[in-house]
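Breakdown of the fold
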Amino acid sequence: MATILVVDDELGIRDLLSEILNDEGHTVELAENAAQARAVRAQLRPDLVLLDIWMPDTDGVTLLKEWASGGLLSMPVIMMSGHATIDTAVEATRIGAAAFLEKPITMAKLLKAVDQGLNKAPAKPSHALPTMLRPGGVLASELTVEHAMTGGALPEPVIDLGPQSLQSFNLDGPLREARDEFEKAYFEYHLAKESGSMTRVAEKTGLERTHLYRKLKQLGVDLARSKRNAL
């Protein structure tokens, strides 16, 4: 798998992202500020970086610009923030950021962004204006910050009704198979209903979040599907 550097000044976010990515088989390195991120980047050369924008010493966009100007942006960098603006997203895109995740980050969005980042070449600095700022382009009011990070393009609509509350099950098979079938449908329903939020699903189902995550993997639940409509 990959070596991923998580840069965030919040301990809880570092721990959460590390746990999820470790469960996916990745090697995770942690940094709580830009100084530590520089050191890890120089020593290990990670395959991908998850970089928070607002940090106490040097903000993430400045660090991204530093790496780009120094020829060190050889890996995809996914920006993270709960308070970023469209202007910040546009600037990061121009510098070379591969994607953006708005906090709170759902597991489905995290895994999708990481998978896409690892399977494409690092973004090159762009001097072109995003679609939303070009004449005749999409209005900025129609975009989220995440959409701005993709160049201002609105996502294509996906018709997916998701799991329904009333479903039929095969009752002629073994009990274990029927139980697994029911549990999978149950969790898929709640994931779709809660837009992929593991915290809310854990509260709804009465399971501890780590146990819930392992249960979903055991049942083969498609975690990405729960966020398709929201994306």
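These remarks concern the structure in this document. Every chain is numbered independently, its residues counted from 1 as its sequence is written. Totals for whole chains, interfaces and linings use all residues, but because this is a predicted model, local features are given only for residues with pLDDT of at least 70 and pairs of side-chain atoms are given and counted only at 80 or more. To get the side-chain values, all heavy atoms of the structure are used, and hydrogens and water are removed first.

1. Some thoughts on the overall build of the protein
Looking only at helices and strands, one finds nine helices and five strands in the protein. Elements are defined by DSSP. Helices are runs of H or I of four residues or more, strands are runs of E of two residues or more, and each kind is numbered from the N terminus. Across the protein, helices and strands are ordered from the amino to the carboxyl terminus as β-α-β-α-β-α-β-α-β-α-α-α-α-α. For every residue, the accessible area (1.4 Å probe, protein chains only) is compared with the maximum for its type, and the residue is labelled buried under 20%, exposed over 50%, or partly exposed between those bounds. Each of the 231 residues in the protein was classed as buried or not, and the buried ones make up 45%. Contacts: residue pairs with any heavy atoms within 4.5 Å of one another. For the protein, the share of sequence-separated contacts (at least 6 apart) that also reach a separation of at least 24 residues comes to 64%. Surface accessibility in these figures is a Shrake-Rupley result with a 1.4 Å probe; residues are shielded only by whichever protein chains are displayed. Split by element, the accessible area of the protein, about 12400 Å² in all, is 52% carbon and sulfur.

2. Considering the packing of helix 1 (residues 11-23) against helix 9 (residues 209-219)
Relative to each other, helix 1 and helix 9 sit at 25°, their axes nearing to 12 Å. The angle between helix 1 and helix 9 falls in the class roughly parallel. The crossing of helix 1 and helix 9 is right-handed. The segment helix 1 lies against helix 9, with L16, E19, I20 and D23 engaging R209, T210, Y213 and K217. Nonpolar residues are Ala, Val, Leu, Ile, Met, Phe, Trp, Tyr, Cys and Pro. Charged residues are Asp, Glu, Lys and Arg, and all others, Gly as well, are polar. Residues of the contact of helix 1 with helix 9, tallied by class, amount to three nonpolar, one polar and four charged. Axis definition: a line fitted to C-alpha atoms, over the contacting stretch in the case of helices. Angles run 0 to 180 degrees between N-to-C directions. What sets the label is the angle itself: under 35 degrees gives roughly parallel, over 145 gives roughly antiparallel, 65 to 115 gives roughly perpendicular, and the rest give oblique. Here a crossing is called left-handed whenever its near helix is offset anticlockwise from the far helix by less than a right angle, and right-handed whenever the offset is clockwise.

3. Here's the deal with the sheet that holds strand 5 (residues 99-102)
Pairing between strands is defined by DSSP: at least two bridges between them are needed. With parallel pairing, five strands are arranged side by side in an open sheet as 2-1-3-4-5. Since the sheet does not close on itself, it has two edges, and those belong to strand 2 (27-31) and strand 5, each with one partner. Sheet twist, expressed as the mean angle between neighbouring strand axes with direction ignored, is 20°. Bridge analysis of strand 1 (residues 3-7) against strand 2 gives five bridges, and the strand direction is parallel. Paired with V7 across the two strands is A31, which belongs to strand 2.

4. Looking at helix 4 (residues 86-95)
Of all 10 residues in helix 4, seven are buried, a share of seventy percent or more. Inspection of helix 4 places I86, T88, A89, V90, A92, T93 and I95 among the buried residues, and these make up the whole buried set. Positioned one or two residues after helix 4, G96 has a phi angle of 140°, which is positive.

5. So, the environment of A42
Along the chain, A42 falls in helix 2 (residues 34-44). Separated by 30 residues in the primary sequence, A42 and L72 place their C-alpha atoms 8.9 Å from one another.

6. Describing the pairing of strand 3 (residues 48-52)
Burial runs high along strand 3: five of the five residues are buried. Going residue by residue along strand 3, you find L48, L50 and D52 tucked away on one face and V49 and L51 tucked away on the opposite face as well. Pairing of strand 1 with strand 3, which is carried by four bridges, proceeds in the parallel orientation. If you follow V6 over to strand 3, its bridge partner there is L50. Judged from the four bridges that link them, strand 3 and strand 4 (residues 77-81) form a sheet pairing that is parallel. Along strand 4, the bridge assignment pairs V49 with V77. For the handedness criterion, the β-α-β arrangement of strand 3, helix 3 (residues 60-69) and strand 4 is classed as right-handed. With strands facing away from the observer, any crossover in which the path from the first strand over the helix to the second runs clockwise is taken as right-handed.

7. Here we look at the packing of helix 3 against helix 4
At a minimum axis separation of 9 Å, helix 3 and helix 4 run at an interaxial angle of 15°. With respect to each other, helix 3 and helix 4 are oriented roughly parallel. Here helix 3 runs over helix 4; the crossing is left-handed. For the pair helix 3 and helix 4, the contacting residues are V61, L64, K65 and A68 in the first and T88, E91, A92 and I95 in the second. Here the contact of helix 3 with helix 4 is composed, by residue class, of five nonpolar, one polar and two charged.

8. Things to note about the nonpolar core
Residues I4, L21, L50, L101 and L110 are the most contacted members of the largest nonpolar core, which totals 29 residues. Counting only elements with at least two residues in this core, the list comes to strand 1, helix 1, strand 3, strand 4, helix 5 (107-118), helix 7 (175-193), helix 8 (198-205) and helix 9. A per-element tally of this core places helix 5 first, with five residues. In terms of nonpolar packing, the next biggest core, distinct from the first, is built from 22 residues, A34, V40, L63 and A97 among them. To qualify as a nonpolar core, a set must consist of buried Ala, Val, Leu, Ile, Met, Phe, Trp, Tyr and Cys residues joined through side-chain atoms within 4.5 Å.

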